[in-house]
Amino acid sequence: MKKVKKLLALSAAAAMLMSMTGCSGSSENSDNTGNAGISTVSEGKLIWATNAEFEPYEYREGDNVVGIDADISAYIAEQLGLEAQCEDMAFDSIIAAVQSGKADMGIAGMTIDEDRLENVDFSTPYTDAGQVIIVKEDSPIKAPADLAGKTIAVQSGTTGDTYASENVDGAKVDRYSKGAEAVMAVLQNKADAVIIDNRPANAYVEKNPGLIILDEPLTVEQYAIAVKKGNTALLSEINRILAEMEENGKMDEIMAKYLGGNEDLTETAE
Ligand code: GLN
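Residues numbered from 1 in each chain as written. Predicted model: local features only at pLDDT ≥ 70, side-chain atom pairs only at ≥ 80, totals over all residues. Heavy atoms only, no water.

Caption draft 1: Here's a closer look at the overall build of the chain. When helices and strands are tallied, the chain shows ten helices and 15 strands. Looking at the 270 residues of the chain, the share that counts as buried comes to 49%. In the structure as shown, the chain presents an accessible area of about 12600 Å², 49% of it carried by carbon and sulfur atoms. (Helix = DSSP H or I, 4+ residues; strand = E, 2+ residues; numbered from the N terminus. Buried < 20%, exposed > 50% of the residue type's maximum accessible area, 1.4 Å probe, protein only. Areas by Shrake-Rupley, 256 points an atom, 1.4 Å probe, with all protein chains shown as cover.)

Caption draft 2: Spatial organisation of the site of the ligand. In the vicinity of the ligand, the contacting residues are Phe54, Phe91, Ala108, Gly109, Met110, Thr111, Arg116, Gln155, Thr158, Thr159, Asp197 and Tyr223. One of the side-chain nitrogen or oxygen atoms of Arg116 is found 2.8 Å away from an oxygen atom of the ligand. The pocket occupied by the ligand, as judged from atoms lying within 2 Å of grid points, is the largest cavity. (Near = heavy atom within 4 Å. Polar contact = N/O pair within 3.5 Å; in protein donor to acceptor, adjacent residues only side chain to side chain. 1 Å grid on protein atoms, 1.4 Å probe; cavity = no way out; pocket = protein on both sides within 12 Å on 5 of 7 lines; lining within 4 Å. Sits in = over half its atoms within 2 Å of the grid points.)

Caption draft 3: Expanded view of the layout of surface pockets. Empty space within the second largest pocket amounts to approximately 240 Å³. What lines the second largest pocket is simply Phe91, Asp92, Ile95, Met110, Asp113, Glu114, Asp115, Arg116, Asn119, Gly157, Thr162 and Glu166. Among the elements of the structure, helix H4 (114–117) and helix H5 (159–167) are those that each provide at least two residues to the lining of the second largest pocket. Looking at the lining of the second largest pocket, the element that brings in the most residues is H4, giving three residues. (Points joined across faces, edges and corners; volume = space filled by probe spheres on them.)

Caption draft 4: View of the side chain of Arg116. Summarising the element assignment, Arg116 is placed in helix H4. Comment: no salt bridge for buried Arg116; closest opposite-charge side chain is Asp113, at 4.1 Å. With residues near it in sequence (within four places) discarded, Arg116 still touches Phe91, Ile95, Met110, Thr111, Phe122, Gly157, Thr158 and Thr159. (Lys, Arg positive; Asp, Glu negative; His and termini not counted. Salt bridge = Lys/Arg side-chain N within 4 Å of Asp/Glu carboxyl O. Contact = heavy atoms within 4.5 Å.)

Below is the structure:
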């Protein structure tokens, strides 16, 4: 009886913590048989670090963080018999959070790239993406070559930032902490274009009449989950579960839930 009480108290505490951090993605772990011997940052939990400014991957709905990555995290946690808990932070703090053991994994529409691979290990990729250009409908920028010498708004520390900084001749790169602020800069004529990932670009353009996405994607990228370097126990479990999600249709189900068949831009980026 005492044990039952303790368990109840623990789950109440977990529920409270979840609501404090304002994240959803709770897992129904009662049917699971344990966590495959994985030790996590906080016992019984799988803490996922993200930046909830990246619809449809992670964004706020009321107090909750929802989206493709939230559902993937919840599924992984459930399979491991753990409680998913989200830590919402600046995008460029996520790798450090994983490295320092503040979070078990980083999942944030994060592209596998060489610099990041020096600091964290990545899972197998779970989706493809690409950088695209958002401009105003009447912009003289019609193709990537027209970006030369222009003011480009990006989200700081992203692959869009890297592309603008390294691949566009004479560009002035304005860095914002949120993608939404970069988009706002174009709407307010403070910048000529935004370079950002295709699916979030879609979400912004749908919400802001007068903006368009240029057809030609700039990059082909793959998103994956980051874990602390050398944490092979967690990494191999994540990879196993991601493969299972591909097999059993769970990944397609999650994608369909948030993309609603709106796959066109990713097709071009592949
Ligand atoms: N895919 C981009 C990157 O990894 C952007 C991710 C994001 O802004 N959440 O840098």
